[in-house]
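If you want the building blocks of each chain, they are given just below.
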Amino acid sequence: MVNQEYYNLGTAPSVIRALFAYGLEQTAKLGADKVYDYSLGNPSIPAPKKVNESIVDIVNNVDSIALHGYSMAPGFEPARKAVADDLAARFGLEVKPSELFFTCGAAPALISIIKALTVNSDSEIMAIAPFFPEYRPFVIANGAKFVMVPPDTEAFQIKLDAVEALITPNTQAIIVNSPNNPSGVVYTEETLKGLAALLERKSAEYGHPIYIIADEPYRELVYGGVTVPFIPCIYKNTIVCYSYSKSLSLPGERIGYVYVPGFAEDSAAVFAAIAGAARIMGHVCPPTLMQKVIEYCATERPDLVAYDENRELLYNSLIEMGYECAKPDGAFYLFVKAPNGDANAFSEKAKLEHNLLVVPADGFGCPGFFRCSYCVANDMIRRSLPAFKAMIESYK
Ligand code: PLP
């Protein structure tokens, strides 16, 4: 006998993985130039030069036993200090190394926070559609209730009236992901201030803090001079979840952190509960080599030229063809309205007729749209444009 819930999760089909697998099959049959795969959010730019240089330097110069040994569970002091100093310098806050807990990327960071804030089976965690699909199993399998805020399908900001209608005395937190996967939209300061005011009012009404879980793996991936507001500067009861998977193109290295600001309500208890949650998930320490890399590279930023060129090319071309898209200011996703409103049918037809692989957004809580991950070769985008054109023409 096995746990049925986990069995179901382990065997549930993933639309994204299925598309990716189909792309690999077709590539083997027809050649890479005949397949246009926009399915996965895997960075397509290399890690900054300094990251690779640091790895070589560390491997050559740091004592091998220490380098491959355990660290303390929340990470080594120098790595925590490097990140604390960088956050403090950029956002004008006092950030202490002791407020940071290093994790193996954003996914375990999120799960630790969700576990820490789930006080009983009535606890509710909200997410704003469209959202990263893993939020749902992260919340539900942990025994809390997943509450979905319906999408604003015009500007892809946050429908504050919908948030207000869904908050209950059991609301523990709301996950805010900006720049957003899958919409590519950056929530404006005005939107976030509105959310902060609402949460402050509701926290006072219910007599306990409602936290924002700021899931920020795309914080540095932003274009055209747009700034991404740092949510702890707007709402004090924010717990930040960060990853270097996208910003330093290191998804396979599994490194990220949780930041619990000292000024957040019950911050010491929240931090301790996150540490306890990480412990029972088998967290021992994040990779020591990667902690060392972050110690040296905490101020490194990605070179976004290639993503920006892709964004401009895909967005402008699709708009010119008559598609409707959310304005993509950040991350590396373009979120497109399916021409007749049925994104599943669009995705299937595009796949079978053109080997054009786009992800229908039902799993993101936003039916009728599809996601294109433009972390791909620019040349692939150019070659895919006739397929997009043929697809929209076929709906006219
Ligand atoms: N949050 C969002 C919004 C993501 O898009 C992803 C990965 O795609 C994650 C979290 C998980 O990232 P990580 O690789 O750091 O676990």
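Residues numbered from 1 in each chain as written. Predicted model: local features only at pLDDT ≥ 70, side-chain atom pairs only at ≥ 80, totals over all residues. Heavy atoms only, no water.

J.: When you look at the sheet that holds strand 5 (residues 171-177) in this model, what are you seeing that I'm missing?
T.: In a beta sheet, neighbouring strands are held together by backbone hydrogen bonds and run either parallel or antiparallel to one another. Spatially, seven strands are ordered 2-8-7-6-5-3-4 in an open sheet, and the strand pairing comes out mixed. Two strands lie at the open edges of the sheet, namely strand 2 (100-103) and strand 4 (145-149), each paired on one side alone. In this sheet, neighbouring strand axes are inclined to one another by 20° on average, regardless of whether the strands run parallel or antiparallel. Taken together, the four bridges between strand 3 (residues 124-128) and strand 5 define a ladder with parallel strand orientation. Note on strand 5: the bridge partner recorded for E124 is T171. (Pairing = 2+ DSSP bridges. Helix = DSSP H or I, 4+ residues; strand = E, 2+ residues; numbered from the N terminus. Axes fitted to C-alpha atoms, helices over the stretch in contact; angles between N-to-C directions.)

J.: Before we go on, may I ask you to explain the pattern of salt bridges in this structure?
T.: It is possible for side chains of opposite charge to pair when their charged atoms get near one another. Applying the stated rule across the entire model yields 23 salt bridges. Across the pair D85 and K81 runs a salt bridge, and its minimum N-O distance is 2.7 Å. Of this pair, D85 and K81 both sit in helix 5 (residues 77-91), separated by four residues, roughly a single helical turn. On the basis of relative accessibility, which here comes to 41%, the residue K81 falls in the partly exposed class. Between D308 and R311 there is a salt bridge, and its shortest N-O distance comes to 2.9 Å. With a gap of three residues between them, D308 and R311 both fall in helix 13 (residues 305-321), about one helical turn apart. (Salt bridge = Lys/Arg side-chain N within 4 Å of Asp/Glu carboxyl O. Buried < 20%, exposed > 50% of the residue type's maximum accessible area, 1.4 Å probe, protein only.)

J.: Looking at this model, I keep getting lost on the site of the ligand. Mind explaining?
T.: Taken together, the neighbourhood of the ligand is formed by 14 residues, with A106, D215, Y218, S243 and R254 sitting nearest. Contact between the ligand and D215: a nitrogen atom at 2.6 Å from a side-chain N or O atom of the residue. The contact in question runs from an oxygen atom of the ligand to an N or O atom on the side chain of S245, over 2.8 Å. Burial of the ligand by the protein amounts to 90% of the accessible area it has alone, namely 390 Å². Mapped onto the shell around the ligand, the elements with two or more residues apiece are helix 6 (106-117) and helix 10 (244-247). Tallied by class, the residues present in the shell around the ligand amount to six nonpolar, five polar and three charged. (Near = heavy atom within 4 Å. Polar contact = N/O pair within 3.5 Å; in protein donor to acceptor, adjacent residues only side chain to side chain. Areas by Shrake-Rupley, 256 points an atom, 1.4 Å probe, with all protein chains shown as cover. Nonpolar A, V, L, I, M, F, W, Y, C, P; charged D, E, K, R; others polar.)

J.: Sorry if this is basic, but what is going on with the domain arrangement of the protein here?
T.: A common way to report how large an interface is uses the accessible area buried once the components associate. Each assigned domain of the protein is listed with its residue range as follows: domain 1 (4-48 + 303-393) and domain 2 (49-297). Between domain 1 and domain 2, the C-alpha centre-to-centre distance is 26 Å. Of the roughly 2600 Å² buried where domain 1 meets domain 2, counting both sides, 64% is carbon and sulfur surface. Contact with domain 2 buries surface across domain 1, with P48, D329 and F364 losing the most and accounting together for 24% of the total. Counting across the domain 1 and domain 2 interface gives zero salt bridges. (Domains from an automatic or database assignment. Buried area = accessible area lost by both parts, 1.4 Å probe.)

J.: In this structure, what is going on with the sheet that holds strand 11 (residues 359-360)? I would like to understand it.
T.: An order of 9-12-11 is seen for the three strands of this open sheet, with the pairing classed as antiparallel. Each end of this open sheet is capped by a strand with a single partner; those strands are strand 9 (333-337) and strand 11. Sheet topology note: the strand 9/strand 12 (residues 369-373) ladder contains five bridges and is antiparallel. Bridge pairing in strand 12 places K337 opposite F369.

J.: Teacher, can you tell me more about the environment of R201 here?
T.: Within the secondary structure layout, R201 lies in helix 9 (residues 189-206). Sequence spacing of R201 and F156 is 45 residues, and the spatial spacing of their C-alpha atoms is 24 Å.

J.: What exactly am I supposed to notice about the side chain of N180 here?
T.: Relative to the elements of secondary structure, N180 occurs in the loop between strand 5 and helix 9. Within polar-contact distance, the side chain of N180 engages the backbone oxygen of P130 at 3.3 Å. Of the polar contacts made by the side chain of N180, one reaches the backbone oxygen of N177; its length is 3.2 Å. With residues near it in sequence (within four places) discarded, N180 still touches P130, V185, Y187, A331 and Y333. (Contact = heavy atoms within 4.5 Å.)

J.: I'm lost on the nonpolar core in this one. Help?
T.: Across soluble globular proteins, nonpolar side chains have a tendency to be buried as a group. Core analysis: the largest hydrophobic core is formed by 50 residues, its most contacted members being V83, L87, V163, I212, Y244, Y257 and Y259. Ranked by residues supplied to this core, first place goes to helix 5 with six residues. Filtering out sequence-adjacent residues up to four positions away, I212 remains in contact with I174, V176, L195, L199, I231, Y235, N237, T238 and I239. A331, V336, A338 and A350 belong to the second-largest nonpolar core, a separate cluster that totals 37 residues. (Core = buried A, V, L, I, M, F, W, Y, C linked by side-chain atoms within 4.5 Å.)

J.: Looking at this structure, I do not really get the packing of aromatic side chains. What am I missing?
T.: Centre distance and the angle of the planes are the two values used to describe a pair of aromatic rings. Taken as a whole and judged by the stated rule, the model has 23 aromatic pairs. Relative to F230, the ring of F91 has its centre 4.0 Å away and its plane inclined at 10°; by these criteria the two rings are stacked. On the criterion of sequence distance, the pair formed by F91 in helix 5 and F230 in the loop between strand 6 (211-215) and strand 7 (238-243) is long-range, its members being 139 residues apart. Here F230 falls in the buried class, since its relative accessible area comes to 4%. Three or more aromatic residues link up through ring pairs in this structure, and these residues are Y38, Y323, F346, F370, F388 and Y395. (Phe/Tyr/Trp six-rings, centres within 6.5 Å; stacked < 30°, edge-to-face > 60°.)

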